[in-house]
Amino acid sequence: MSTQKPRLLSGDTPTGRLHLGHWVGSVENRVALQDAYDCYFLIANTHAFTTRMDRPDEIRQSVLDIATDWLAAGIDPKRSTLFIQSEVPVIAELTFFFSMLLSYPRVMRNPTIKDEIRDKGLGENYPFGFLLYPIGQVADILAFRADIVPVGEDQIPHLEMTREVARRFNQLYCGVDSHTEDKDYLTQGGLFPVVDVLLGRTRRLAGIGAPGPDGNLLKMSKSLNNAIFLSDDADAIAKKVKAMYTDPKRLKATDPGTVENNPLWIFHETFNPDKAWVAEAEAKYREGGIGDMECKKRLVEVLVALIEPIQQRRLVFEKDPGQVLEVLREGTAKANTVAGETLRLAKKAMRQDYF
Ligand code: TRP
């Protein structure tokens, strides 16, 4: 029996600070799984260039912000490996080889790519590298031969591509039979495990603003200006919750209110550990027996309790940015060792091990 822990890999694109949507989508899982798995966390700075190639300073700053957010959130560099994608060249090398294993129509059939082209208004004007990034993500994961990847729901299509590439590589270059079950690829001689996805407990956290034109609440996102950040302090949280969208038809505490599709209650259900209070307060809210202000005050307490320890740890790292860079330097060195071994084995399997 191998005593090695299974390997976990996940990452974030540095396009801004982390918010509560990241927390419930993936970051809380990452923090919780650090003992059970051999964890690798990557900052996908190369991917940030797909839509921000004209803003290198912003990407650089965001890389440091994400690393600080991670450390503040409780990702522990003694147990986990934190690294910068662009500084692990094996990932770029594998991206090239893996891009041969997916057809162009297959790449275009990725629903997350389609959504991004629509939501970011890219039209026909996206760079070629934008289409390449999901294959880059495949390489991020396979370079570490990860067994499990905790991510938000929007990443499922990229994970499905990762699974396809792993199967195909193992079949083409390691002689694994195409009828093999996903869990058996390694024992059948494959190099890459067929990864599992671990979704967060909330698949898509709403933002604090009003619904979009289709009547549905919008996903929490920095660019939609509806996010509560892990780096927000108690005052900022109180202001945001106070201004938070609730049931617009409810003018006073005695009006009956709607709980469904109401960020106030989505947030209580997601973050308030006192389930009994939430159930009772929701029942009162429906009948006009409790005021918005009281429920919002309670929500502020809940969110501050969640974010307070994150704030405390953040202070330490903010005072010493050199420490953050050092964590990334050490993590990146370790990541290069692991990924280097994968590339060596991959080239051997592909018969491109010449010297
Ligand atoms: N695309 C992911 C996001 O924007 C970030 C990412 C890059 C990632 N490489 C990864 C996530 C590998 C998991 C595994 O959220």
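Note that the structure is a prediction, hence the values are computed from the model and not measured.

Glancing now at the environment of L306. Mapping L306 onto the fold places it in helix α12 (residues 292-319). For L306, the contacting residues outside a window of four places in its chain are L20, W23 and F271.

Another aspect to go through is the domain arrangement of the chain. Here the chain is described as being made up of domain 1 (7-204 + 321-349) and domain 2 (234-314). Using only C-alpha atoms to locate each centre, domain 1 and domain 2 end up separated by 35 Å. Taken residue by residue, the interface counts eleven residues in domain 1 and ten residues in domain 2. When the area that domain 1 buries against domain 2 is broken down by residue, the three leading residues are L20, W23 and A72, summing to 56%. In this structure, D69 engages R314 in a salt bridge whose closest nitrogen and oxygen atoms are separated by 2.5 Å. Linking domain 1 with domain 2 are four residue pairs in polar contact (both at pLDDT 80 or more), by the criterion used here. Residue assignment for the side of domain 1 that touches domain 2 shows that the elements contributing at least two residues are α1 (20-32) and α3 (56-73). With five residues, α3 is the single largest residue contributor to the side of domain 1 that touches domain 2.

Once that is clear, we can look at α12. Between its first and last C-alpha, α12 extends 38 Å over 28 residues, near the 40 Å set by a 1.5 Å rise per residue. When the local axis directions of α12 are compared, the greatest deviation, roughly 35 degrees, occurs at I307, which is followed within four positions by the proline P309.

Attention shifts here to the site of the ligand. With respect to spatial proximity, 13 residues lie near the ligand, and among them T13, L42, Q137, D140 and Q155 are the closest. The separation between an oxygen atom of the ligand and a polar side-chain atom of T13 is 2.9 Å. One nitrogen or oxygen atom from the side chain of Q155 is found 2.9 Å from a nitrogen atom belonging to the ligand. A total of 370 Å² of accessible area belongs to the ligand in isolation, and the protein chains cover 88% of it. Every element with two or more residues in the shell around the ligand is listed here: β1 (7-12), α7 (128-142) and β4 (148-151).

Attention shifts here to the environment of L33. Among the structural elements, L33 can be located in the loop between α1 and β2 (38-43). Judged by relative accessible area, which is 18%, L33 ranks as buried. Taking C-alpha positions, L33 is 39 Å from G123, a pair spaced 90 residues apart along the chain. In this structure L33 touches L8, C39 and L198, once residues within four positions along its chain are discounted.

Counting residues in each nonpolar core, the largest one holds 56 residues, and the members touching the most others are L20, I228, W265, F267, F271 and L303. Per-element tally for this core: the top contributor is α12, with nine residues. Both domains that meet at this core, namely domain 1 (7-204 + 321-349) and domain 2 (234-314), each give it at least three residues. Once residues within four sequence positions are removed from consideration, L20 is found in contact with L205, M220, I228, L230, F267, F271, L303, L306 and I307. Core analysis: the next-biggest nonpolar cluster, separate from the first, contains 47 residues, I117, F130, Y185 and A346 among them.

What counts, and where the lines are drawn
Residues numbered from 1 in each chain as written. Predicted model: local features only at pLDDT ≥ 70, side-chain atom pairs only at ≥ 80, totals over all residues. Heavy atoms only, no water. Helix = DSSP H or I, 4+ residues; strand = E, 2+ residues; numbered from the N terminus. Contact = heavy atoms within 4.5 Å. Domains from an automatic or database assignment. Buried area = accessible area lost by both parts, 1.4 Å probe. Salt bridge = Lys/Arg side-chain N within 4 Å of Asp/Glu carboxyl O. Polar contact = N/O pair within 3.5 Å; in protein donor to acceptor, adjacent residues only side chain to side chain. Expected span 1.5 Å × (residues − 1). Bend = angle between axes of the 7 residues up to and from the residue. Near = heavy atom within 4 Å. Areas by Shrake-Rupley, 256 points an atom, 1.4 Å probe, with all protein chains shown as cover. Buried < 20%, exposed > 50% of the residue type's maximum accessible area, 1.4 Å probe, protein only. Core = buried A, V, L, I, M, F, W, Y, C linked by side-chain atoms within 4.5 Å.

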